[in-house]
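Summary of structural features
The residues making up each chain are set out below.
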Amino acid sequence: MASASLLKSSPVLDKAEFVKGQSLRQPSVSVVRCHPNVPSSLTIRASSYADELVKTAKTVASPGRGILAMDESNATCGKRLASIGLENTEANRQAYRTLLVTAPGLGQYISGAILFEETLYQSTTDGKKMVDVLVEQNIVPGIKVDKGLVPLAGSNDESWCQGLDGLASRTAAYYQQGARFAKWRTVVSIPNGPSALAVKEAAWGLARYAAIAQDSGLVPIVEPEILLDGEHGIDRTFEVAQKVWAEVFFYLAENNVLFEGILLKPSMVTPGAECKDKATPEQVADYTLKLLHRRIPPAVPGIMFLSGGQSEVEATLNLNAMNQAPNPWHVSFSYARALQNTCLKTWGGRPENIKAAQDVLLVRAKANSLAQLGKYTGEGESDEAKKGMFVKGYVY
C-alpha cells in the first residue's frame, strides 16, 4: 500500500511538498540532513483555533448524546419528501427541518446537528434562525461542506468527492454564520475493488478538507463511508476498512491535522447487505471495536457511526453492543435515516401531525442515547423502526 512505503522511506513532508492535492514530491532520503540546533520541522501545527476545536469536539462527544444528520442536499431531501407525497419546495424543506430542530428537549439526546447550506442560513417557519434554535437546545450547529461524488477517472467505476476548491472561504463564512463543525463524506465500494487509486483519493481529500476546516475553526467530521452494497462477508469488510483507515490517518498526519480536534464518522463493520450470512450485534461490535483499536488513536475524542441503510433498530442495537465495555473514545451515532425515517412518515406533511412526529423523533433519539451508554434494550420498538432501509446503489 502506498502509505506503508512512504512511512518506511520518507520523512514527514511539509505541505509545500504536495502538488495540487494529487501527488507527493518525495525527496530522496540521502539528501535529508539533521540539524540539532534548528527548530524541528516535524512539529504538528495546530491552528489558532486549537483550544476551541478541542472544546467543540468534546462537547459533541458528550455522554449519552450523538449527532442528528439533517444535511441532505436539496435533491436528496426532495426524495425524502416525495416518499410522503410532498413537492420539493423550499417551504416544504423549511417546514420539515423546523419540525426537527424545534422538537422539545432534543438537546438532551442530540449534541450536534449537521445542516445543509440552505438550512444554515434559513429561519424556522416562525422566523427564528435555525442556528439560534439549535444553540438554545444546547446543540452544536454543523455544516456539510463537500460538493458530492463524481466519477473517478482511471478507476473501476468508482468515485471521488469534490469540494476543495474555495473551501477555505466557505468554511470561514460558515464559522461566521454559527457553524462549529463540518462534514465531508466520501465513499469506498467493496464490489468495485476498491482500487488503490480510489482509497488514496478518498484519504487525501479527507485530509485536505480536515486541515482547511480546522484553520477556519470548524471541527472536521472525517467520513470515508464503506458502502453496504455487495455480497461479501464481514471479514472482507474488516480487511478493506483496515486499509482505508490506515491511509486516512497517514494523510491526516501528513497534513498536520490536530487529532484531538476531529471527529470520525465511520461505517460499522458489517457483512455486505446482500450477504447470506447475517451478523449479530455482538459480532458487529467485536469486529468494529477491533478495527478501532488497530487504527484509531485514542487522542480522537469521538467516533460517531453512520447507519448506512441499516434499520433504525438495527443501528441502535449495534451501537449498544459496542458500548457494553469502556472504550478509549466516545462511541456514538451520527444518523440521518435511522433517526428520521419513522418521524418523516408520521408527519406526512400535515401540520396536525407535527407533535406526533416530534415525539417519534425523541423516541429514536432517546433510544440511541441509551445505546451510547450501553443501556438500550430494544423493547417496545415499532415494526416500522425494524424495517431495513438499504437501497442498492443509493445516491445521496
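Being a predicted model, the structure only gives us computed values, none of them experimental.

This part takes up the overall build of the chain. Regarding its fold elements, the chain presents 13 helices and 12 strands. Counting the 396 residues in the chain, one finds 56% classified as buried. Of the contacts made within the chain by residues no fewer than 6 positions apart, 80% connect residues no fewer than 24 positions apart. Carbon and sulfur atoms make up 53% of the accessible area of the chain, which totals about 17,000 Å².

The next subject is the pairing of strand β12 (residues 330-335). Among the 6 residues in β12, 6 count as buried, and that is most of the element. By the alternation rule, side chains of β12 split into H330, S332 and S334 and V331, F333 and Y335, which are all buried. Bridging between strand β3 (residues 66-70) and β12 involves 2 bridges; their strand directions are parallel. Across the sheet, residue L68 finds its bridge partner in β12, namely Y335. As judged from the 4 bridges shared by strand β11 (residues 302-305) and β12, these two strands associate in the parallel manner.

As a further point, take the nonpolar core. Core analysis: the biggest nonpolar cluster contains 108 residues, and Y209, F249 and L252 have the highest contact counts within it. When near neighbours in sequence (up to four residues on either side) are disregarded, L252 contacts L206, A207, A210, V222, V257, F259 and I262.

The strand order around the closed barrel formed by 8 strands is β3-β4-β5-β8-β9-β10-β11-β12, and the pairing between neighbours is parallel. Sitting on the sheet, helix α8 (residues 196-215) touches β8 (181-188) and β9 (219-226), and the angle it makes with β9 is about 165 degrees. Its contacts with the sheet place helix α13 (residues 354-372) against β4 (110-115) and β12, and it is angled at close to 160 degrees to β12.

Moving on to the packing of aromatic side chains. Enumeration over the complete set of coordinates arrives at 9 aromatic pairs. Aromatic side chains Y49 and Y175 sit 5.2 Å apart centroid to centroid with 55 degrees between the ring planes, which places their arrangement in the tilted category. Of the two residues, Y49 sits in the loop between β2 (23-24) and α2 (50-60) while Y175 sits in helix α7 (residues 167-177), which places them 126 residues apart along the sequence. Residue class for Y49 comes out partly exposed when judged on its relative accessible area of 24%.

Time to look at the pattern of salt bridges. As enumerated under the stated definition, the model contains 12 salt bridges in all. Where R185 meets E225, a salt bridge forms, and the shortest distance between an N and an O atom there is 2.8 Å. Placement of R185 in strand β8 and of E225 in strand β9 is noted, with a sequence separation of 40 residues between them. Both residues of the pair, R185 and E225, count as buried. A salt bridge links D359 to K355; the nearest nitrogen and oxygen atoms lie 2.9 Å apart. Placement of the pair is D359 and K355 together in helix α13, with a separation of 4 residues, close to one helical turn.

Let us look at empty space enclosed by the protein. Counted under the stated rule, the structure contains 4 cavities of 30 Å³ or more. Lining the largest cavity are 15 residues, and of these I226, L228, S267, M268 and T270 sit closest to its centre. Looking at the lining of the largest cavity, its residues break down into 6 nonpolar, 8 polar and 1 charged. Space inside the second largest cavity adds up to approximately 50 Å³. Residue lining of the second largest cavity: P224, I226, T237, A241, W245, S267, M268, V269 and L291, and that is the complete set. Of all the elements in the fold, those that place two or more residues in the lining of the second largest cavity are β9 and α9 (234-254). Per-element tally for the lining of the second largest cavity: the top contributor is α9, with 3 residues. Each residue belonging to the lining of the second largest cavity can be placed in one class, and the counts come to 7 nonpolar, 2 polar and no charged.

Cut-offs and rules
Residues numbered from 1 in each chain as written. Predicted model: local features only at pLDDT ≥ 70, side-chain atom pairs only at ≥ 80, totals over all residues. Heavy atoms only, no water. Helix = DSSP H or I, 4+ residues; strand = E, 2+ residues; numbered from the N terminus. Buried < 20%, exposed > 50% of the residue type's maximum accessible area, 1.4 Å probe, protein only. Contact = heavy atoms within 4.5 Å. Areas by Shrake-Rupley, 256 points an atom, 1.4 Å probe, with all protein chains shown as cover. Pairing = 2+ DSSP bridges. Core = buried A, V, L, I, M, F, W, Y, C linked by side-chain atoms within 4.5 Å. Axes fitted to C-alpha atoms, helices over the stretch in contact; angles between N-to-C directions. Phe/Tyr/Trp six-rings, centres within 6.5 Å; stacked < 30°, edge-to-face > 60°. Salt bridge = Lys/Arg side-chain N within 4 Å of Asp/Glu carboxyl O. 1 Å grid on protein atoms, 1.4 Å probe; cavity = no way out; pocket = protein on both sides within 12 Å on 5 of 7 lines; lining within 4 Å. Points joined across faces, edges and corners; volume = space filled by probe spheres on them. Nonpolar A, V, L, I, M, F, W, Y, C, P; charged D, E, K, R; others polar.

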